[in-house]
Amino acid sequence: QVQLVESGGGLVQAGGSLRLSCAASGSIFSMNAMGWHRQAPEKQREVVAVVANSGSTHYADSVKGRFTISRDNANNTASLQMNSLKPEDTAVYYCWAVVAGINYWGKGTLVTVYS
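Being a predicted model, the structure only gives us computed values, none of them experimental.

Engineer: Sorry if this is basic, but what is going on with the pairing of strand 11 (residues 109-114) here?
Structural biologist: Consecutive residues of a regular strand have side chains that alternate between opposite faces of the sheet. Side-chain alternation along strand 11 places Thr109, Val111 and Val113 on a buried face and Leu110, Thr112 and Tyr114 on a face that remains uncovered. Pairing analysis gives four bridges linking strand 2 (residues 10-13) to strand 11, with the strands arranged parallel. Paired with Val12 across the bridge in strand 11 is Val113.

Written out as structure tokens, the structure reads:
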């Protein structure tokens, strides 16, 4: 089994920054990718940023240029540096990982951006 624990969510003013972290633990014998998704009220969960073992990254168009994902493979952790935050970034952010081809999700951390 794999467990994902997020941290770093909170309340921040528009234009500010926040850094989210995710720690993976458990039966991690083949970590394929890690990333972050988010879900705002009345909206579907969407991909925010993903980083593969190769180091390649993918960002949602809405956060490109503002968010940066990084990964520490040795510690099975992933971070999301969020800059120039906007109210529309308000959502529950979920850590996501693929281990041996299986998707795992954290419980989420709330990010609230106010004007």
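Engineer: Help me understand the pattern of salt bridges in this model?
Structural biologist: One side chain can pair with another of opposite charge once the charged atoms of both are near each other. Under the counting rule described, the total for this entry stands at four salt bridges. With a closest N to O distance of 3.2 Å, Asp61 and Lys64 form a salt bridge. Of the two residues examined, Asp61 and Lys64, each falls in the exposed class. Measuring nitrogen to oxygen at the nearest pair gives 2.8 Å for the salt bridge that ties Asp89 to Arg66. Taken together, the positions of Asp89 in the loop between strand 8 (77-82) and strand 9 (91-99) and Arg66 in the loop between strand 6 (57-59) and strand 7 (67-72) put the pair 23 residues apart, joining distant regions of the chain. Here the two residues Asp89 and Arg66 agree in accessibility, since each one is buried. Several salt bridges converge on common partners, so that one network encompasses Arg38, Glu46, Arg66 and Asp89.

Engineer: So what exactly am I meant to see when it comes to the state of the cysteines here?
Structural biologist: When the sulfur atoms of two cysteines share a covalent bond, that bond is a disulfide. Here the structure, examined in full by the defined rule, presents one disulfide. Covalent S-S linkage joins Cys22 and Cys95, the inter-sulfur distance amounting to 1.9 Å. The sign of the S-S torsion, about -85 degrees, decides the handedness of the disulfide formed by Cys22 and Cys95: left-handed. Of the two residues, Cys22 sits in strand 3 (residues 18-26) while Cys95 sits in strand 9, which places them 73 residues apart along the sequence. Given the relative accessible area of 1%, Cys22 is considered buried.

Engineer: Would you mind showing me how to read the sheet that holds strand 7 here?
Structural biologist: Note: strands within a sheet are paired through backbone hydrogen bonds, in either parallel or antiparallel orientation. Taken together, the four strands give an open sheet; going across it, the order is 1-3-8-7, and neighbouring strands pair in antiparallel fashion. The sheet is open, and its two borders are formed by strand 1 (2-7) and strand 7, each paired with just one other strand. The average angle at which neighbouring strand axes cross in this sheet is 15 degrees, direction not considered. Judged from the six bridges that link them, strand 3 and strand 8 form a sheet pairing that is antiparallel. Directly across from Ala23, in strand 8, lies its bridge partner Thr77.

Engineer: I tried to follow the nonpolar core on my own but got confused; where do I start?
Structural biologist: Counting 31 residues, the largest nonpolar core has Trp36, Leu80, Met82 and Tyr93 as the members making the most contacts within it. Counting residues per element, this core draws most heavily on strand 9, which supplies five residues. Not counting residues within four places of it along the chain, the set of residues in contact with Leu80 comprises Leu18, Arg19, Leu20, Trp36, Val48, Ala49, Phe67, Thr68, Ile69 and Tyr93.

Definitions and limits used
- Residues numbered from 1 in each chain as written.
- Predicted model: local features only at pLDDT ≥ 70, side-chain atom pairs only at ≥ 80, totals over all residues.
- Heavy atoms only, no water.
- Buried < 20%, exposed > 50% of the residue type's maximum accessible area, 1.4 Å probe, protein only.
- Helix = DSSP H or I, 4+ residues; strand = E, 2+ residues; numbered from the N terminus.
- Pairing = 2+ DSSP bridges.
- Salt bridge = Lys/Arg side-chain N within 4 Å of Asp/Glu carboxyl O.
- Disulfide = S-S within 2.5 Å.
- Axes fitted to C-alpha atoms, helices over the stretch in contact; angles between N-to-C directions.
- Core = buried A, V, L, I, M, F, W, Y, C linked by side-chain atoms within 4.5 Å.
- Contact = heavy atoms within 4.5 Å.

Nothing here speaks to function; it is all geometry.
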